[in-house]
Amino acid sequence: MQGVLGAFHEIDSALHAIEELKKERFGDITVFTPTPRHEFEHAMSHAPSKVRIYTLIFGLAGVTFGYWIPVWISDYWPLVVGGKPVASWVPYTILGFEVMVLIGGLATVFAMFALSRVPRLTMTVGYDPRFSGGHFGVWVVTDPNRADSAMDILKKNGAEEVRRER
Amino acid sequence: MATTAAPSRTVERPNIPSAAVRFPAIKDYEQVDREIAGTLRPTLGWFAALGIAILCMLIGATTWTYQIHEGLGAAGYQPPVMWGVYIITFVFWVGIGHAGTLISAILYLFRAGFRTSIYRLSEAMTVFAVMTAGLFPILHLGRPWKFFFLIPYPNWRLIWPNPKSPLVWDVFAILTYLTISSTFLYIGLIPDIAILRDREKNPVRKAILATLSLGWRNSDREWRHFTRAYLFLAAFATPLVLSVHSVVSFDFAMALTPGWHATIFPPYFVAGAIFSGIGMVFTIAIPLRKAFKLEHYITLNDLDAASKLCLFTSMVVGLAYLTEFQVAWMSGNRFEQDYFWNRVFGQWAWAAWIMLICNMVLPLSLFSQKLRRNPTWLFILSLFINLGMWFERFVIVVPSLSHEFEPWQWGSYKPTWVDYGILLGSFGWFFMWFLLFIKQLPAMAMSEIKEVIPPRMKHPDPQLEHELDVGYPHPSETGEYGTA
């Protein structure tokens, strides 16, 4: 993957650079920020995360499974006491709830990993260790013909360092 | 992770004037990394504390080995009191864990600002406390190596645990709680591990940190999914924390024993758990802020806010104590009335009054703002709260079993050195993990603290600048951080 990387020390400079890059129709832009910032969310205007869909689906699957376990156990090994129902849903709600949280929670985390594309085995292209410290980074995927134009935009908006990467 | 990213222009002003800016003494992101990563260097004091913790843990392990050899009789059980220190300490440690989830998840959903600097400590405390609590039901088993009989899985015995038993609910609740709490802790740690990875020079340590951080790069894509996932995990953890201690309370409330068979137990247990956990947060955070020189992160304002929460939960717990007496008095049930009389004026009065004084009376001192902002007093108070909450569980478990319906069911209970050894071992086990944690991974959430620090700007917002530099004096100039 070829592109241009800019490191900014000021957040407003990085935001202006992103706006201008988008205006110039550079489509594939990634922002690196030491901490989540709404300013970048607005500038990048991505769709909301789909993590919630996985949370819902697996949460529902979890609660179903959580009820099914005790119902199946009660059916397999019935304890008949005083004419009470062999499978009684009231106490089984505890198991249903716990399994919903367990499966829904773990699915949320795995969905986050999958959608964020982590674990990542290599970080050599388009990343700089400063981006976890105090700098903001803008990585633009572009072909060599437009790389100079992207570099100009990043420099003009106050990038501390701009470099090509491949 | 808090999502209050942009510094607010209409900053809330609590009763402390300098609280308008969250961390006034922290100027930039680099300072956060430098100061918090700086706490990871081992010190002589840390080695000494770790040595003591390991020694206590080994005493506990040796005592347990002795108990396995001799049988549960070594532990001071005698009819009719067949639940003792192990169940008391189990409930105590589960309770300690709850404040961590309250601070990290519930206060996150409420956007309480003071959680930012203490939530990592609290969350780690949760995980290690639940790890400790989980040992006690196993310790309490006559044949501890058969603990897995409680887990429902297809097995050659063709026997399944009874899903109507509170002990099986415990297994589900505690295992889910441990899994979700550990996951929550780890997920929050990933961006911070990435910071440590990028700062690390030692190749071996860097490789370990790179693996643990999963190649995290702080990209907008990662943060977008991360913040959502974190929110949903917090939303799951919130009812979970309420359910877990409710389930623990069902261990008692489902029995027809006087003093136990009460519908007030679930909220009573949850409030007590949160109260005891906040006590332990003070016990841990106050010495650490001093040792790590991080008074400008865990500020007096944070301690003040946490103290108010402590006071509130103390009052809820106090109300629950009084309600129990009222219910017994108004029930017309002779056994309940006798039991509660025996609790406070009879056989177990000494334990009940330790509980009432430590949990109801001493925390009332937190009505004083001066004491809420005095770390030394908060630390001393937290020790009393820890003691009081252990005795609360003692008062729940032992007096009920020692004074049931018929005189032939009345007896006493005296823990042996085996009980004390294992109790000491549990503290050693907990603090061993905690001390190892704080020197390997950041005790404060670096990336989350950065969220509430104004980012560097080329053209700063004049309104914000005014609030930062003009409106309020720097706390180091006013002595706002205190000296304790």
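On a predicted model such as this, the values are computed, not experimentally measured, just so you know.

Trainee: Is there a simple way to explain the overall build of chain A in this structure?
Mentor: Looking only at helices and strands, chain A has 5 helices and 4 strands in total. Listing every helix and strand of chain A by position from the N terminus yields β-α-β-α-α-α-β-α-β. The C-alpha atoms of chain A give a radius of gyration of 25 Å, which is well past the 15 Å a tight globule of 166 residues would have. Considered along the principal axes of its C-alpha atoms, chain A spans approximately 80 × 30 × 30 Å. Counting every position in chain A, which comprises 166 residues, the buried fraction comes to 43%. Sequence-distant contacts in chain A: of pairs separated by 6 or more residues, those separated by 24 or more amount to 83%.

Trainee: Help me out: how do you make sense of the overall build of chain B in this one?
Mentor: When helices and strands are tallied, chain B shows 17 helices and 0 strands. Relative to a compact globule of 484 residues, whose C-alpha radius of gyration would be 23 Å, chain B shows 24 Å and is just as compact. Dimensions along the principal axes, computed over C-alpha positions, put chain B at roughly 80 × 55 × 40 Å. Counting contacts in chain B only where the partners sit at least 6 residues apart, residues at least 24 apart contribute 83% of the total.

Trainee: Would you mind going over the nonpolar core with me for this structure?
Mentor: Taken as a class, soluble globular proteins show a tendency for nonpolar side chains to be buried jointly. Of all hydrophobic cores here, the largest spans 149 residues; its most connected members are V94, M125, V244, I278, V281 and A306 of chain B. Counting 23 residues, the second-largest nonpolar core is a separate cluster that includes F26, F32, Y127 and L154 of chain A.

Trainee: Looking at this structure, how should I read helix α2 (residues 44-70) of chain B?
Mentor: The α-helix advances 3.6 residues per turn, and as a result positions three or four apart in sequence lie on the same side. All names here are of chain B. Counted at 1.5 Å a residue, the expected span for α2 with its 27 residues is 39 Å, and the 39 Å between its end C-alpha atoms agrees. Taken together, the buried positions of α2 are occupied by A53, C56, M57, G60, T63 and Q67. Structurally, α2 contributes buried residues whose contacts are with α14 (417-440). Two residues or fewer after α2 comes G71, characterised by a positive phi angle close to 100°.

Trainee: Just checking my understanding: could you explain the sheet that holds strand β2 (residues 29-32) of chain A for this structure?
Mentor: The pairing of strands in a sheet happens through backbone hydrogen bonds and is either parallel or antiparallel. Residue and element names in this part refer to chain A. The sheet built from 4 strands is open, its strands ordered β2-β3-β1-β4 with antiparallel pairing. Strands at the two margins of the open sheet, each flanked by one partner only, are β2 and β4 (161-165). Pairwise comparison of adjacent strand axes, ignoring direction, gives a mean angle of 15° for this sheet. Of the pairings in the sheet, the one linking strand β1 (residues 3-8) to strand β3 (residues 136-141) comprises 6 bridges and is antiparallel in character. Residue pairing across strands places V4 opposite V140, the latter belonging to β3.

Trainee: Mind showing me how you'd approach helix α5 (residues 166-199) of chain B here?
Mentor: All names here are of chain B. With 34 residues, α5 should reach 50 Å at 1.5 Å per residue; the first-to-last C-alpha distance of 49 Å fits that figure. By the largest-angle criterion, I190 marks the main kink of α5, which is about 40°, and a proline, P191, follows within four residues. With 25 of 34 residues buried, α5 is to be regarded as a mostly interior element.

Trainee: Teacher, can you tell me more about the packing of helix α4 (residues 119-139) of chain B against α14 of chain B here?
Mentor: In a packed pair of helices, the relevant descriptors are the angle between the two axes and the axis-to-axis distance. Residues and elements named next belong to chain B. Contact pair α4 / α14: the axes reach a minimum separation of 10 Å and the direction vectors enclose 150°. When the axis of α4 is compared with that of α14, the two are roughly antiparallel. Judged by the twist between their axes, the crossing of α4 over α14 is right-handed. Between α4 and α14, the contacting residues are A124, M125, F128, A129, M131, T132 and L139 on the first element and I422, S426, W429, F430, W433, F434 and F437 on the second. Looking at the contact of α4 with α14 residue by residue, the class counts come to 12 nonpolar, 2 polar and no charged.

Trainee: Explain the packing of α4 of chain B against α5 of chain B here, please?
Mentor: Residues and elements named next belong to chain B. Between α4 and α5, whose axes approach to 9 Å, the crossing angle comes to 150°. Judged by the inter-axis angle, α4 sits roughly antiparallel to α5. In this structure, the crossing between α4 and α5 has a hand that is left-handed. Here R120, E123, A124, T126, V127, V130, M131, A133, G134 and P137 of α4 lie close against α5, whose contacting residues are D170, I174, Y177, L178, S181, S182, F184, L185 and G188. Across the contact of α4 with α5, the residue classes tally to 11 nonpolar, 5 polar and 3 charged.

Trainee: What's the story with the domain arrangement of chain A in this structure? I'm lost.
Mentor: Size of an interface, as often reported, equals the accessible area lost when the parts are brought together. The assigned domain composition of chain A is domain 1 (3-46 + 124-165) and domain 2 (51-116). Spacing between the C-alpha centres of domain 1 of chain A and domain 2 of chain A amounts to 45 Å.

Trainee: Any chance you could explain the interface of chain A and chain B here in plain terms?
Mentor: Each partner contributes to the interface: chain A provides 58 residues, whereas chain B provides 54 residues. Of all the secondary structure elements, the ones that give two or more residues to the side of chain A that touches chain B are α1 (11-23), β2, α2 (38-44), α3 (51-76) and α4 (89-116) of chain A. The element contributing the most residues to the side of chain A that touches chain B is α4 of chain A, with 16 residues. Looking at the side of chain A that touches chain B residue by residue, the classes come out as 32 nonpolar, 19 polar and 7 charged.

Trainee: Help me out: how do you make sense of the confidence of the model for chain A in this one?
Mentor: When pLDDT drops low, the exact placement of atoms in the prediction is not to be read closely. Averaged over every residue, the pLDDT of chain A is 92; the share at 70 or more is 99%. No element of chain A has a lower mean pLDDT than α2 of chain A, which averages 90, and none a higher one than α4 of chain A, which averages 96.

Trainee: How do you make sense of the environment of I422 of chain B when you look at a structure like this?
Mentor: Residues and elements named next belong to chain B. Assignment of secondary structure puts I422 in helix α14. Taking the number of C-beta atoms within 10 Å as the measure of exposure, I422 has 26 and is therefore buried. Distance from I422 to G60, taken between C-alpha atoms, is 4.3 Å for residues 362 residues apart in sequence. Each residue touching I422, except ones within four places of it in the same chain, is listed here: G60, T63, W64 and L139.

So, how was this worked out
- Residues numbered from 1 in each chain as written.
- Chains lettered and ligands numbered in written order.
- Predicted model: local features only at pLDDT ≥ 70, side-chain atom pairs only at ≥ 80, totals over all residues.
- Helix = DSSP H or I, 4+ residues; strand = E, 2+ residues; numbered from the N terminus.
- Rg over C-alpha atoms; globule rule 2.2 N^0.38 Å.
- Buried ≥ 20, exposed ≤ 12 C-beta atoms within 10 Å, placed from the backbone.
- Contact = placed C-beta atoms within 7 Å.
- Core = buried A, V, L, I, M, F, W, Y, C linked by C-beta atoms within 7 Å.
- Expected span 1.5 Å × (residues − 1).
- Pairing = 2+ DSSP bridges.
- Axes fitted to C-alpha atoms, helices over the stretch in contact; angles between N-to-C directions.
- Bend = angle between axes of the 7 residues up to and from the residue.
- Parallel < 35°, antiparallel > 145°, perpendicular 65-115°, else oblique.
- Left-handed = near helix turned anticlockwise from the far one by under 90°.
- Nonpolar A, V, L, I, M, F, W, Y, C, P; charged D, E, K, R; others polar.
- Domains from an automatic or database assignment.
- pLDDT = per-residue confidence, 0-100.

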